[in-house]
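The residues making up each chain are set out below.
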Amino acid sequence: PSGHVKAFEKYVQENRTVISAGPLGVIGQIGWYTQQYVVDAHPQLSSSRSFTDPNNTAIFGGVVHGVDPTFVQFEGQIIETYEYAMTNDYIGSEEELLDKVRGSYDEEPMLFYFWSPHGLLGELELARISLPPDVEDKMYPAEILRKVYWHEFRTYSPSAAFLIDTFSYSTADQIEMLGKIEKLGMTPEEVACEWVQNNRVYWQNWIEEMENTPDFVPNDSAAGIIIVIWTACIQALAVVILALYLYKRKHPLLVATACHPSMLSLIGGIVMSAVSYWMIGEARVVNCAGATVMSGLGYVIMMGSLVLKEYRVFKLFLSDSKKTQNEADEGYTSCSPFGSLPFHRDLYHRVVACCVALRYNLSPLQTY
């Protein structure tokens, strides 16, 4: 975690696009390691306090090996601060470090930067060197590894999110599992299955509680009933408005404004609102397909009607047809409390002229 502080602050604390799901149960820590048989033969090497003696560091060739320089490492600072009789270098990538450790394990003692948990600790017998308290508290502190997931994951699968929230295992468990993958060539699926079979006492309660966390809104739940009632009310209101449109379809105002696209828009809204019915109850293929089809159909009807409406308005104001203008004027005259409004098209042109004038710093009279 300390190596990803900025990412944690950005995605978890600021953007909130990633959710912290609590501790994994595994303790991670960086440190210095060597072969276990080296420490067994030279017990004083179990503590870095012995590294001030050149005779002790000579066993490792007088060097501590680091990994990629972009990793969080303080070897040079530690050596200088505590006056260890050694130097440090960088082997390269993690893979190059692993190859180096495996290749020299039985041949020569090696002191190197490493971290736990890692599969190599389950593959080879390695010993962690005790570093000064300030180093282990500040530079390489023990850290609780945490779980994270996408911020909308819980919405899509509450039970799976609950399982991740609850899941935990120990550092020893993870090292053992990683070691079997590295040493025995087992697949991650095989290792995970074996852990599940051997640790029923841990996960049995998680499953029982997870089964009580539904992945959908039940039909007979309070939330499901509210969704149905609310959707039905919206649809009923839309149907009433649609009925009024049909009843008054010959009214001069509706004739002049072409109410047919508006009616299509209402129908599209009714179809789209029906998606709510498909999204309650147990998740099934028919529900997902129905919701997709209804939402797509409703959107096309609604947006298509709006495009038709805008196109008609565009043609109305820009058409040179006297018949079109007269029909619009008659519609406005018959339904307007102010009497005849034959000037509406001219007013529209004046408004557009003013807008163009403001955009290009021209005189409104010139643009009109």
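Placed above this text is the structure.
As the structure is a computational prediction, the values presented were derived from the model and not from experiment.

Caption draft 1: Fine view of the environment of S116. Relative to the helices and strands, S116 resides in strand 4 (residues 111-116). Take S116: its relative accessible area is 14%, and that puts it in the buried class. Separated by 88 residues in the primary sequence, S116 and G28 place their C-alpha atoms 5.4 Å from one another. Ignoring sequence-local partners within four residues, the contact set of S116 consists of I27, G28, Q29, Y33, L121, T171 and I175.

Caption draft 2: Focus on the packing of aromatic side chains. Counted under the stated rule, the structure contains 19 aromatic pairs. On the basis of an interplanar angle of 85 degrees and a centroid distance of 5.8 Å, the ring pair of F51 and Y84 is categorised as edge-to-face. With F51 in the loop between helix 2 (36-41) and helix 3 (54-57) and Y84 in the loop between helix 4 (75-82) and strand 3 (87-90), this residue pair connects regions lying 33 residues apart in the sequence. Grouping residues by exposure puts F51 and Y84 together as buried. Taking 5.9 Å as the distance between ring centres and 85 degrees as the angle between the ring planes, the aromatic pair formed by Y169 and W195 counts as edge-to-face. Of this pair, Y169 sits in the loop between helix 9 (158-166) and helix 10 (171-183) while W195 is found in helix 11 (residues 188-198), placing the two residues 26 residues apart along the sequence. Judged by its relative accessible area of 16%, Y169 is buried.

Caption draft 3: How the structure looks around unusual backbone geometry. For the peptide bond that leads from S116 to P117, omega is 5 degrees, which places it in the cis range. One can find P117 in the loop between strand 4 and helix 6 (119-123). Non-glycine residue R16 carries a positive phi angle of around 55 degrees. Tracing the chain through its elements places R16 in the loop between helix 1 (5-14) and strand 1 (18-35). Look at E83: it is not a glycine, yet its phi comes out positive at around 55 degrees. With respect to the secondary-structure elements, E83 resides in the loop between helix 4 and strand 3.

Caption draft 4: Just the nonpolar core, in detail. Core analysis: the largest hydrophobic core is formed by 32 residues, its most contacted members being W32, F51, M86, L111, F112, F114 and Y140. Mapped by element, the contributors of at least two residues to this core are strand 1, helix 2, helix 4, helix 5 (94-104), strand 4, strand 5 (126-129) and helix 7 (133-139). Among the elements that take part in this core, strand 4 stands out by supplying five residues, more than any other. Non-local contacts of M86, meaning those with residues more than four positions away in its chain, are made with W32, F51, T57, G62, V63, V64, I79 and L111. Listed in part, the nine residues of the second largest apolar core include V26, M186, W195 and W206.

Caption draft 5: Examining a nonpolar patch on the surface more closely. On the surface, V228, Y277, W278, M279 and V286 cluster together into a nonpolar patch covering about 430 Å² of accessible area. Tracing the chain through its elements places M279 in the loop between helix 16 (275-278) and helix 17 (285-318). You can call M279 exposed: its relative accessible area is 58%.

The rules behind these values
- Residues numbered from 1 in each chain as written.
- Predicted model: local features only at pLDDT ≥ 70, side-chain atom pairs only at ≥ 80, totals over all residues.
- Heavy atoms only, no water.
- Helix = DSSP H or I, 4+ residues; strand = E, 2+ residues; numbered from the N terminus.
- Buried < 20%, exposed > 50% of the residue type's maximum accessible area, 1.4 Å probe, protein only.
- Contact = heavy atoms within 4.5 Å.
- Phe/Tyr/Trp six-rings, centres within 6.5 Å; stacked < 30°, edge-to-face > 60°.
- Core = buried A, V, L, I, M, F, W, Y, C linked by side-chain atoms within 4.5 Å.
- Patch = residues over 30% accessible without salt bridge, like charges linked within 9 Å, V, L, I, M, F, W, Y side chains within 5 Å.
- Areas by Shrake-Rupley, 256 points an atom, 1.4 Å probe, with all protein chains shown as cover.
- Salt bridge = Lys/Arg side-chain N within 4 Å of Asp/Glu carboxyl O.

By themselves these figures say nothing about function.
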